[in-house]
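Topology and contacts: notes
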2 protein chains.
Amino acid sequence: MRIGELAKRTGVSPRALRYYEQQGLLHPERRPSGYREYGERDVRTVHGIRTLLAAGLHSAVIGELLSGLPLPGERPPGPTCPELLTGLARERARITETIRELTEARGLLDEIAAAAAPGEMITAPRPEPFSARRAPRRS
Amino acid sequence: MRIGELAKRTGVSPRALRYYEQQGLLHPERRPSGYREYGERDVRTVHGIRTLLAAGLHSAVIGELLSGLPLPGERPPGPTCPELLTGLARERARITETIRELTEARGLLDEIAAAAAPGEMITAPRPEPFSARRAPRRS
DNA sequence: CTAGAGCTTGACGTCGACGTCAGGGTCAAG
DNA sequence: CTTGACCCTGACGTCGACGTCAAGCTCTAG
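Calculation rules
The numbers attached to residues start from 1 for each chain and follow its sequence in the written order. Chain A is the first chain written and ligand 1 is the first ligand written, with later ones labelled in order. It should be noted that, the model being predicted, local features are given only for residues of pLDDT at least 70 and side-chain atom pairs only at 80 or more, the latter also being counted only at that level, while totals for whole chains, interfaces and linings use all residues. Only hydrogens and water are removed before side-chain values are computed, so all heavy atoms of the structure are retained for them. Elements are defined by DSSP. Helices are runs of H or I of four residues or more, strands are runs of E of two residues or more, and each kind is numbered from the N terminus. Per-residue accessibility, obtained with a 1.4 Å probe over protein chains only, is compared with the maximum for each type, and a residue is labelled buried under 20%, exposed over 50%, and partly exposed between these values. Only the protein chains shown count as cover for residues, with accessible areas throughout obtained via the Shrake-Rupley method and a probe of 1.4 Å. Each salt bridge in this description consists of a side-chain nitrogen of Lys or Arg and a carboxyl oxygen of Asp or Glu lying within 4 Å of one another. Consider each residue's heavy atoms; a residue with any of them within 4 Å of a molecule or strand counts as near. Polar contact is defined as a pair of N or O atoms within 3.5 Å, subject to the rule that within protein one atom must be able to donate a hydrogen and the other to accept it, and that residues adjacent in sequence are counted only when both atoms are side-chain atoms. Under the scheme applied, nonpolar residues are Ala, Val, Leu, Ile, Met, Phe, Trp, Tyr, Cys and Pro; charged residues are Asp, Glu, Lys and Arg; polar residues are all the others, including Gly. For the purposes of this section, nonpolar cores are sets of buried Ala, Val, Leu, Ile, Met, Phe, Trp, Tyr and Cys residues that join through side-chain atoms within 4.5 Å. What makes two residues a contact is simply this: any of their non-hydrogen atoms within 4.5 Å. What the arc describes is the spread of directions from the helix axis to the C-beta atoms. Note on geometry: axes are C-alpha line fits, over the in-contact stretch for helices, and angles between N-to-C directions span 0 to 180 degrees. Throughout, the term roughly parallel applies to angles under 35 degrees, roughly antiparallel to angles over 145, roughly perpendicular to angles from 65 to 115, and oblique to all others. Crossing chirality is assigned from the near helix's rotation relative to the far helix, an anticlockwise turn below a right angle marking it left-handed and a clockwise turn marking it right-handed.

Side note on the overall build of chain A
The secondary structure content of chain A amounts to five helices and two strands. Along the chain direction, N to C, the helices and strands of chain A fall in the order α-α-β-β-α-α-α. Per-residue burial over chain A gives 40% buried out of 139 residues. In the form shown here, chain A has an accessible surface area of approximately 8,200 Å², with 53% of it arising from carbon and sulfur atoms.

Considerations on the pattern of salt bridges
Side chains that differ in charge, positive against negative, can pair when their charged atoms come close. Enumeration over the complete set of coordinates arrives at 20 salt bridges over all chains. In this structure, Glu-40 of chain B engages Arg-9 of chain B in a salt bridge whose closest nitrogen and oxygen atoms are separated by 3.0 Å. Taken together, the residues span a long stretch of sequence, with Glu-40 of chain B in the loop between strand S2 (36-37) and helix H3 (41-54) and Arg-9 of chain B in helix H1 (residues 3-10) at a distance of 31 residues. Several salt bridges share partner residues, and in doing so they unite Glu-5, Arg-9 and Glu-40 of chain A into one network.

Side note on the protein's contact with DNA strand D
Around DNA strand D, the surrounding shell holds 21 residues, and the nearest of these are Gly-4 and Arg-36 of chain A together with Ser-13, Tyr-20 and Arg-50 of chain B. Within the side chain of Ser-13 of chain B, a nitrogen or oxygen atom sits 2.6 Å from a phosphate oxygen of DNA strand D. Ser-59 of chain B has a polar side-chain atom sitting 3.0 Å from a phosphate oxygen of DNA strand D. Secondary-structure elements contributing two or more residues to the surface near DNA strand D are helix H1 (3-10) and helix H2 (14-22) of chain A together with helix H2 (14-22) and H3 of chain B. The element that contributes the greatest number of residues to the surface near DNA strand D is H2 of chain B, accounting for four residues.

Structural notes on the protein's contact with DNA strand C
The environment of DNA strand C is made up of 21 residues, and the closest members are Ser-13, Tyr-20 and Tyr-35 of chain A together with Tyr-35 and Arg-36 of chain B. Backbone atoms, meaning sugar and phosphate, form 67% of the atoms of DNA strand C found within 4 Å of the protein. Note that a base oxygen of DNA strand C is positioned 3.0 Å from one of the side-chain N or O atoms of Arg-15 of chain A. Within the side chain of Ser-59 of chain A, an N or O atom sits 3.0 Å from a phosphate oxygen of DNA strand C. Within the residue set of the surface near DNA strand C, elements represented by two or more residues are H2 and helix H3 (40-54) of chain A together with H1 and H2 of chain B. Here the surface near DNA strand C is composed, by residue class, of eight nonpolar, six polar and seven charged.

A look at the nonpolar core
Counting residues in hydrophobic clusters, the biggest one holds 62 residues, and the most contacted among them are Leu-17 and Leu-57 of chain A together with Leu-17 and Leu-57 of chain B. Other than its neighbours up to four places away in sequence, Leu-17 of chain A contacts Ile-3, Leu-6, Ala-7, Val-12, Leu-26, Tyr-38 and Val-46 of chain A.

Topic: the environment of Ala-55 of chain A
Along the chain, the position of Ala-55 of chain A falls in the loop between H3 and helix H4 (59-68). Considering only alpha carbons, one finds Ala-55 of chain A and Thr-103 of chain A, 48 residues apart in sequence, at a separation of 15 Å.

Quick notes on H1 of chain A
Every α-helix winds through 3.6 residues per turn, so residues three or four apart in the chain are directed the same way. Residue and element names in this part refer to chain A. Within H1 the residues assigned to the buried category are Ile-3, Leu-6, Ala-7 and Thr-10. Down the axis of H1, the sector holding all buried residues measures 105 degrees, keeping them to one side. Structurally, H1 contributes buried residues whose contacts are with H2, strand S2 (36-37) and H3. Directly beyond the C-terminal end of H1, a positive phi value near 75 degrees is found at Gly-11.

Quick word on the packing of H3 of chain A against helix H5 (residues 81-116) of chain B
A pair of packed helices is characterised by two quantities: the angle between their axes and the separation of those axes. Axis separation between H3 of chain A and H5 of chain B bottoms out at 8 Å; the angle between their running directions is 120 degrees. By the angle between their axes, H3 of chain A is oblique relative to H5 of chain B. The handedness of the crossing between H3 of chain A and H5 of chain B comes out as left-handed. Between H3 of chain A and H5 of chain B, the contacting residues are Gly-48, Thr-51, Leu-52 and Ala-54 of chain A on the first element and Glu-101, Glu-104, Ala-105, Leu-108 and Leu-109 of chain B on the second.

Considering the packing of helix H5 (residues 81-116) of chain A against H3 of chain B
Remark: H5 of chain A packs on H3 of chain B, axes separated minimally by 8 Å, with the N-to-C direction vectors making an angle of 120 degrees. Of the possible angle classes, the one that applies to H5 of chain A and H3 of chain B is oblique. The handedness of the crossing between H5 of chain A and H3 of chain B is left-handed. From H5 of chain A, Glu-101, Glu-104, Ala-105, Leu-108 and Leu-109 of chain A reach across to H3 of chain B, where they touch Gly-48, Thr-51, Leu-52 and Ala-54 of chain B.

Have a look at this one:
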């Protein structure tokens, strides 16, 4: 399929698809005319790329993962498996930490909402917004 | 305290603190010399700001939250409470969605790790990397 | 008094994943 | 053959939260 169709099927703009190729994440074939020709698996690849990008991985890192991936039977050059696993673990840890931060921030928003909402919910010694909270029991 | 001390106590650079003020997130007093003078609660405020920034909230939004916050007793001007709550809900939903995406991405990394790791773990009909997965049973 | 650390404002630089525009081929339908 | 949709390669623009550098004022210790 050509770039337009892949774009529709993935919800990603053609510009972004060309960018992914430029970063070494996609390797479409070329027609004599110069048009890019994509295969079915590219649809999945793009979804994977989007998922990892959404998680904050840099395209260069995603490129390493893809190029470092031992496809059935072969040992690819470039980053060795140990290095791949190291980077993998690093990103995994970063994601886990980010989830923690997000959870914390969400709790903060809830506190703010509770403080901002009309006294329906809380009328007692109203907890002040985070800018002046009394130590929330955190060591 | 002056900006340097607040920077040390929060782990945030002086440049960032000035930026927060410029965005209306902090309102330190000024000495006759022009030096900024911060209070104790600014320490907490800064931590809150960092938490929300880490969660992807724009400084402008954080500013609305802070300025829209009804401090004990007063009704501030600007964005009304309903609007505040709306924005609050929107950001909350965004955070929840982001957590979902992160969780998904982490799962993907685990799959890649499983595929990349030496056959110790899996030797059976090895699951291919995400770029060529067989439909993972998702509708 | 003087040095040095710390503070001020102002302004330009950075990084990443694209958006957008310009100028120009390709291709299938009518 | 022509039109219109689609594609190509540059190349510059964007947005946000700061980093960094410049030029100059302030404060404190010796």
